[in-house]
Amino acid sequence: MDIKITPKKLHGTVTVPPSKSVAHRMIIAAALADGVSTITNLCSSMDILATMDCMRALGAKIDFHGAGSAEGDTAVIEGIKKIPDKAVLDCHESGSTLRFLIPVACALGVETGFLGSAKLPQRPITPFTDEFPKHGVTFDFSKAPGGCTLPCSVSGKLTAGRFEIDGGLSSQFITGLMFALPLLDGDSEIILTSHLNSKPYIDITLGVLRDFGCEIMETKNGYFIKGKQRLKPFSGKVEGDYSQAAFFRVANSLGSELKILGLNENSLQGDRKIMEICDSFDKDGAPFEIDCSDIPDLVPVLTVLACFCKGTSRLTNIARLRFKESDRLSVTAECLNAMGGKVTVHEDSLEIEGVNELRGGEIEGHSDHRIPMSMAVAATRCASPLVIRGAECVKKSFPNYFDVYGQLGGEVDVL
């Protein structure tokens, strides 16, 4: 889908969609619990549907219904009673689904084939391939093209013990282990061999697991996980997503007038920091330097905000964004520079020189959901229309983003 956005400020009230990060975790925990859980306020994005389908393949029963209701979509999930001998899990484009469920499938002892599409087969899973063979698991990459990790298959049942994990690549590997290790017969340790990036995402995992009756202890070097834990059913509502709210909050800083609803002020989400950053920008438009190691999903829209600062801003500790749905550093810079921005890519950072306005033009969505959404915010301050090619990739996390954008006064035409 190609669209043209004619520059206009946004006005009105917007309720942000539910947190994808929280939803993934609640669905997996419910599927592993003994009993029936009900989860409300889900979003039927591609990533969330992928996780549901994968948990069904592993034996959970999931009734997903209620689209358009006041509570949002609702899933009634009966935890796995009969573990299958074999399964095929299609993770589509979801890195969270893949990295959360490789350990789960191994802990259950299911011989599992993993599939993926778009850029997912190129995203690394080395923390698992390095450690799991020491714990009874075999990986088979014989069907994967050169340089890819998918399709692959795993066999063998994961055994408890010590897992040494690089915390700098992605917190998703640690979350996956946190779902799997409590299911094993013995106690386990996760030992971090480097600084842990994106720790707020681990905090979300720990919070969800606590809700489902599972306890994990933080230690000096990582985490201790007692084995033979049984998750208990839990029913709850998925809270609003600060990473999605960021688009609307930045739009406000660029001149729109939006009332943003649906957020938990006490949320564990690291992306809650967007409120503080924008509040500071609103005072005087001063440039900023931000360590984004804990808030990587905010980088594209923060780059948009930095384009309108009075000086040069820097976003640092973001090299791992090269391994997202796109090389998110290069793509963010490419798009904004095509629109008249001044963004320079470094090995582990972006440097952004403020400009008075962006000119519009034509850009690609690069199959990366956060790129069209961020550039649509930039379009509110463009001098002329902005064409976004391949804008349909927003369905990965926020399927009706451009419908909402239009309802808030944005002018969006499908080409």
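Our subject is the structure that appears above.
Reading the values: rules and limits
- Residues numbered from 1 in each chain as written.
- Predicted model: local features only at pLDDT ≥ 70, side-chain atom pairs only at ≥ 80, totals over all residues.
- Heavy atoms only, no water.
- Axes fitted to C-alpha atoms, helices over the stretch in contact; angles between N-to-C directions.
- Helix = DSSP H or I, 4+ residues; strand = E, 2+ residues; numbered from the N terminus.
- Parallel < 35°, antiparallel > 145°, perpendicular 65-115°, else oblique.
- Left-handed = near helix turned anticlockwise from the far one by under 90°.
- Contact = heavy atoms within 4.5 Å.
- Nonpolar A, V, L, I, M, F, W, Y, C, P; charged D, E, K, R; others polar.
- Phe/Tyr/Trp six-rings, centres within 6.5 Å; stacked < 30°, edge-to-face > 60°.
- Buried < 20%, exposed > 50% of the residue type's maximum accessible area, 1.4 Å probe, protein only.
- Pairing = 2+ DSSP bridges.
- Salt bridge = Lys/Arg side-chain N within 4 Å of Asp/Glu carboxyl O.
- Polar contact = N/O pair within 3.5 Å; in protein donor to acceptor, adjacent residues only side chain to side chain.
- Expected span 1.5 Å × (residues − 1).
- Patch = residues over 30% accessible without salt bridge, like charges linked within 9 Å, V, L, I, M, F, W, Y side chains within 5 Å.
- Areas by Shrake-Rupley, 256 points an atom, 1.4 Å probe, with all protein chains shown as cover.
- Lys, Arg positive; Asp, Glu negative; His and termini not counted.
- Charge placed at Lys NZ, Arg CZ, Asp CG, Glu CD.

A. Here's a closer look at the packing of helix α9 (residues 299–306) against helix α11 (residues 370–379). At a minimum axis separation of 9 Å, α9 and α11 run at an interaxial angle of 20°. Overall, the two elements α9 and α11 adopt an arrangement that is roughly parallel. Here the hand of the crossing between α9 and α11 comes out right-handed. Judged by residue contacts, Pro 300, Val 301 and Val 304 of α9 engage Arg 370, Ile 371, Ser 374, Met 375, Val 377 and Ala 378 from α11. Considered class by class, the residues forming the contact of α9 with α11 number seven nonpolar, one polar and one charged.

B. The arrangement of the packing of aromatic side chains in detail. One pass over the structure, following the stated rule, counts 14 aromatic pairs. Here the aromatic rings of Phe 132 and Phe 163 are separated by 6.1 Å at their centres, their planes lie at 80°, and the arrangement is edge-to-face. Residue Phe 132 is found in the loop between α4 (126–131) and β8 (138–140), and its partner Phe 163 is found in strand β10 (residues 162–165); the two are separated by 31 residues along the sequence. Assigned by exposure class, Phe 132 and Phe 163 land together as buried.

C. Representation of the sheet that holds strand β14 (residues 236–237) within the structure. With mixed pairing, four strands are arranged side by side in an open sheet as β4-β5-β3-β14. With partners counted over all chains shown, the strands left at the sheet margins are β4 (61–65) and β14, one partner each. Note that β4 and strand β5 (residues 73–78) share five bridges and pair antiparallel. Note on β5: the bridge partner recorded for Phe 64 is Ala 75. Sheet contacts for helix α1 (residues 20–32): β3 (36–42), β4, β5 and β14; angle to β3, the most-contacted strand, approximately 165°. On the sheet, helix α2 (residues 46–57) packs against β3, β4 and β5 and is oriented at approximately 150° with respect to β4.

D. How the structure looks around the pattern of salt bridges. Scanning all chains against the criterion turns up 23 salt bridges. For the salt bridge of Asp 282 with Arg 249, the shortest nitrogen-to-oxygen distance reads 2.7 Å. With Asp 282 in helix α8 (residues 273–284) and Arg 249 in helix α7 (residues 242–253), this pair connects stretches of sequence that are 33 residues apart. Overlapping salt bridges, with partners in common, bring together Lys 20, Asp 47, Asp 297, Glu 325, Arg 328, Asp 368, Arg 370 and Lys 396 in one network.

E. Quick peek at the side chain of Ser 267. Position of Ser 267 among the secondary structure elements: in the loop between β15 (257–261) and α8. Separated by 2.9 Å, the side chain of Ser 267 and the backbone nitrogen of Gln 269 make a polar contact. In this structure, Ser 267 is in contact with Glu 239, Tyr 242 and Arg 272, ignoring residues within four places of it in sequence.

F. Quick look at α2. Look at α2: 16 Å from first C-alpha to last across twelve residues, which is about the 16 Å you get at 1.5 Å a residue. Among the residues making up α2, those that are buried are Asp 47, Ile 48, Ala 50, Thr 51, Met 52, Cys 54 and Met 55. Where α2 is buried, its residues touch α1, β3, β4, β5, β6 (86–90) and α3 (95–108). Following α2 by one or two positions, Gly 59 adopts a phi angle in the positive range, close to 115°.

G. Up close: a negative patch on the surface. On the surface, Glu 289, Asp 291, Asp 294, Glu 347 and Asp 348 cluster together into a negatively charged patch. The topology assignment puts Glu 347 in the loop between β18 (342–345) and β19 (349–353).

H. Seen up close, the sheet that holds strand β13 (residues 222–225). Strand order in the open sheet formed by four strands is β10-β11-β13-β12, with mixed pairing between adjacent strands. Both outer strands of the open sheet, β10 and β12 (216–218), are each paired with one neighbouring strand and no more. The average angle at which neighbouring strand axes cross in this sheet is 20°, direction not considered. With three bridges connecting them, β12 and β13 associate as antiparallel partners. Within β13, the position partnered with Met 217 by the bridge is Phe 224.

Treat this as a map of the structure, not an account of what it does.
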